[in-house]
Structures are given as C-alpha cells and as structure tokens.
Amino acid sequence: MGGRGFFVWLSFVVSFVALFILLVLSVLDRKTIISETRKQKTRVERIMRARAAKAAKKEAVANSS
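Notes on the structure follow. Only a predicted model underlies this, so the values are computations on that prediction, with no experimental measurement involved.

### So, a nonpolar patch on the surface
Taken together, the side chains of Val13, Val17, Phe20, Ile21, Leu23, Val24, Leu25, Val27 and Leu28 define a hydrophobic patch exposed on the protein surface, amounting to about 790 Å² of accessible area. Positionally, Val27 belongs in helix 1 (residues 5-64). What makes Val27 partly exposed here is its relative accessible area of 38%.

### Remarks on the packing of aromatic side chains
For the coordinates displayed, the defined rule picks out three aromatic pairs. Taken together, a centroid distance of 5.4 Å and an interplanar angle of 75° make the contact between Phe6 and Phe7 edge-to-face. Across the pair, Phe7 and Phe6 agree in class, each one exposed. Aromatic ring contacts, followed pair by pair, group Trp9, Phe12 and Phe16 into a single cluster.

The rules behind the values
- Residues numbered from 1 in each chain as written.
- Predicted model: local features only at pLDDT ≥ 70, side-chain atom pairs only at ≥ 80, totals over all residues.
- Heavy atoms only, no water.
- Patch = residues over 30% accessible without salt bridge, like charges linked within 9 Å, V, L, I, M, F, W, Y side chains within 5 Å.
- Areas by Shrake-Rupley, 256 points an atom, 1.4 Å probe, with all protein chains shown as cover.
- Salt bridge = Lys/Arg side-chain N within 4 Å of Asp/Glu carboxyl O.
- Helix = DSSP H or I, 4+ residues; strand = E, 2+ residues; numbered from the N terminus.
- Buried < 20%, exposed > 50% of the residue type's maximum accessible area, 1.4 Å probe, protein only.
- Phe/Tyr/Trp six-rings, centres within 6.5 Å; stacked < 30°, edge-to-face > 60°.

If you want it as structure tokens, here you go:
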C-alpha cells in the first residue's frame, strides 16, 4: 500500500463505524416511530369512543323528552 496502509485501514474503520452508528440510530428511530404511532392510534380510538358515548347520551336525553 506504499506506506499508506494505516490511513487506508483507518478510513475503512471510520466508514464502518459511521455505518454502524447509522444502522443503530435507524433501528432506534423506527422503534420510536412505531411506539408513537401506537400511542396515537390508542388516543384516536379513545376519542372516538368518547364522542360515540356523548352522542348516545344526547340521543337518550332527546328520546326521553
């Protein structure tokens, strides 16, 4: 490698470390996104149930009058 072996291997190591960090961060971000999506879905379902219950309550009051 003409006396440049250290720099060549150093560049490989730095590249692989950067790719590994990118991989780890991508996996963590994916888990976070999935978790947040589940929370949001649960929240939307809870809101929809509350709206349906409120509408049913209004309808029951209107029918009893």
